[in-house]
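Here is how the chains run, residue by residue.
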Amino acid sequence: VQLQASGGGLVQAGGSLRLSCAASGGTFSSYAMAWFRQAPGKEREFVATITWSGGSTYYADSVKGRFTISRDNAKNTVYLQMNSLKPEDTAIYYCAASPPHRQYGSSWLVSQDSYEYWGQGTLVTVSS
């Protein structure tokens, strides 16, 4: 499975960006999909995830109410709509896919260990 993230860029605080992650290979419709991010000098952290059907979504508290994750299984693509961006949202954003055999445990949706496939990342810079 290959994941290709795009849509990053430079935006002013309060602005919006939409990230996309296109998947190829594998069975996209069976994967939970997530976005993680890594800010300079910090560890990679969970941002948002969506189940295989799109029926459930989960967000980090820091982005809840501002970011929306969605997916289009017909296009093998997952999206992250980011509104009301803040300078602290500046990071490299990675999309990741969790196949069914990784989907276990009480917190698998938000655990990096659950995600077997990772994209290359796209840089989001929010200026103040």
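So, a few notes on the structure that sits alongside this text. Just so it is clear, the structure is predicted and the values come from calculations on it, not from any experiment.

For the structure on display, the rule yields four aromatic pairs. Aromatic pair Phe36 and Phe46: ring centres 5.8 Å apart, planes at 75 degrees, arrangement edge-to-face. Highlighted residues: Phe36 in strand β4 (residues 32-38) and Phe46 in strand β5 (residues 45-50), separated in sequence by 10 residues. Here Phe36 falls in the buried class, since its relative accessible area comes to 0%. For the ring pair Phe36 and Tyr115, a centre distance of 5.4 Å and an interplane angle of 70 degrees mean the geometry is edge-to-face. Of this pair, Phe36 sits in strand β4 while Tyr115 sits in the loop between β9 (91-98) and β10 (117-118), placing them 79 residues apart in sequence. Assessed through its relative accessible area of 2%, Tyr115 is described here as buried. By the ring-pair criterion, three or more aromatic residues cluster together here, those being Phe36, Phe46, Tyr115 and Trp118. Between Arg44 and the ring centre of Tyr94, over which it is positioned, the NZ or CZ distance is 5.3 Å. Just above the ring of Trp118 sits the side chain of Arg44; from NZ or CZ to the centre is 3.8 Å.

Another aspect to go through is the side chain of Thr49. Within the secondary structure layout, Thr49 lies in strand β5. A polar contact of 2.8 Å, which involves the side chain of Thr49, links it to the side chain of Tyr115. Sequence-distant contacts of Thr49, defined by excluding residues within four places in its chain, comprise Met33, Ala34, Ser56, Thr57, Tyr58, Ile69, Leu109 and Tyr115.

In this section: the pattern of salt bridges. For the coordinates displayed, the defined rule picks out five salt bridges. For Glu45, the salt bridge goes to Arg37, with nearest N and O atoms at 2.7 Å. Residue Glu45 is classed as partly exposed on the basis of its relative accessible area of 36%. Each of the salt bridges in this network shares a partner with another, and the network as a whole consists of Arg37, Glu45, Arg66 and Asp89.

What counts and how
Residues numbered from 1 in each chain as written. Predicted model: local features only at pLDDT ≥ 70, side-chain atom pairs only at ≥ 80, totals over all residues. Heavy atoms only, no water. Phe/Tyr/Trp six-rings, centres within 6.5 Å; stacked < 30°, edge-to-face > 60°. Helix = DSSP H or I, 4+ residues; strand = E, 2+ residues; numbered from the N terminus. Buried < 20%, exposed > 50% of the residue type's maximum accessible area, 1.4 Å probe, protein only. Lys NZ or Arg CZ within 6 Å of the ring centre and 35° of its normal. Polar contact = N/O pair within 3.5 Å; in protein donor to acceptor, adjacent residues only side chain to side chain. Contact = heavy atoms within 4.5 Å. Salt bridge = Lys/Arg side-chain N within 4 Å of Asp/Glu carboxyl O.

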